[in-house]
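Given next are the chains, with one letter for each unit.
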Amino acid sequence: GENVGLHLPTLSVQEGDNSIINCAYSNSASDYFIWYKQESGKGPQFIIDIRSNMDKRQGQRVTVLLNKTVKHLSLQIAATQPGDSAVYFCAERRSGGSNYKLTFGKGTLLTVNP
Amino acid sequence: GAGVSQSPRYKVAKRGQDVALRCDPISGHVSLFWYQQALGQGPEFLTYFQNEAQLDKSGLPSDRFFAERPEGSVSTLKIQRTQQEDSAVYLCASSLTPSPGLEAFFGQGTRLTVV
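The sections below set out a description of the structure shown in this document. No experiment lies behind these values; they were computed from the predicted model shown. (Residues numbered from 1 in each chain as written. Chains lettered and ligands numbered in written order. Predicted model: local features only at pLDDT ≥ 70, side-chain atom pairs only at ≥ 80, totals over all residues. Heavy atoms only, no water.)

1. A look at the sheet that holds strand 7 (residues 65-68) of chain B
Residue and element names in this part refer to chain B. To keep things clear, this is the line we draw: A pair of strands is labelled paired if DSSP reports no fewer than 2 bridges between them. Helical segments are the DSSP runs of H or I of at least four residues, strand segments are the runs of E of at least two, and each set is numbered from the N terminus. Here, axes are lines fitted to C-alpha atoms. For helices the fit covers the stretch in contact, and angles between N-to-C directions go from 0 to 180 degrees.
One open sheet accounts for four strands, arranged 1-3-8-7; its pairing is antiparallel. Single-partner strands in this sheet number two, and they are strand 1 (5-7) and strand 7. Geometrically, the sheet is characterised by an average inter-axis angle of 15° between neighbouring strands, direction not taken into account. Sheet topology places strand 1 next to strand 3 (residues 19-24); three bridges connect them, and they run antiparallel. By the bridge assignment, Gln 6 is partnered in strand 3 with Cys 23.

2. Quick notes on the state of the cysteines
We apply this condition: By definition, disulfides here are pairs of cysteine sulfur atoms that lie within 2.5 Å. Three labels apply to residues, based on accessible area from a 1.4 Å probe with only protein chains included: buried if under 20% of the type maximum, exposed if over 50%, partly exposed otherwise in between.
For the structure on display, the rule yields two disulfides over all chains. At a sulfur-sulfur separation of 1.8 Å, the disulfide partner of A:Cys23 is A:Cys90. Judged by the torsion about the S-S bond (50°), the A:Cys23/A:Cys90 disulfide is right-handed. Here A:Cys23, found in strand 3 (residues 19-25), pairs with A:Cys90, found in strand 9 (residues 86-94); they are 67 residues apart in sequence, far enough to count as distant. Between the sulfur of B:Cys23 and that of B:Cys92 lies a disulfide, 1.9 Å long from S to S. Its torsion about the S-S bond being -65°, the disulfide of B:Cys23 and B:Cys92 is classed as left-handed. Separated by 69 residues along the polypeptide, B:Cys23 in strand 3 and B:Cys92 in strand 9 (residues 88-95) bring together distant segments of the chain. The burial state of B:Cys23 is the same as that of B:Cys92; both residues are buried.

What follows is the structure, given as structure tokens:
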């Protein structure tokens with residue numbers, strides 16, 4: 001079936017390095033993508049989003065890249081800090097009647113070593 | 001409160017017991033969502049309310065699951081005759097608009113353990 005998934009289940013980086021978290025999706029009907037950060041014992045927290053008519057969007061220390069040709073999404077975190085340690089999920093929203101519904105990937109655990 | 005509040009934070013239920021999980025959305029938020037998150041997995045959609053109307057319950061795993069939002073504010077997710085496979089974190093989110101994203105905020109979740 002169609003799904004949103006992640007290439008790497010875990011990622012360990014040194015403080016100050018840049019981090020790249022990847023996500024593959026298979027539903028070409030998706031028109032909106034979101035990256036969430038989830039710390040232990042907390043709910044998902046919105047980080048950044050991107051619409052399917054864009055290929056790049058930048059926020060504060062974060063950049064999301066969308067490659068629709070290969071159905072790939074990535075989250076880049078610049079100058080990673082210990083506070084960035086968490087599980088990161090990509091999520092897609094499919095266009096059409098169910099555009100309130102998000103489909104999440106499995107998540108990547110990011111560990112930042114001081 | 002400032003955010004989405006869920007209670008209880010933790011619930012241990014014996015198999016076969018009924019449970020009720022509460023969600024207090026952000027005041028004025030029209031849309032309310034319930035998601036189920038199994039250990040080590042991403043959240044999975046359960047159901048969606050717009051005000052008091054339950055517009056989509058396609059994600060509810062079985063007829064043992066029931067959700068309501070009678071006055072368009074607080075919502076309750078009820079699970080009857082709990083089974084071990086129901087063990088998960090149940091997340092609630094609310095939003096001013098129907099579309100999730102920047103406008104949607106998640107609660108901390110209720111961790112349900114069925115023993």
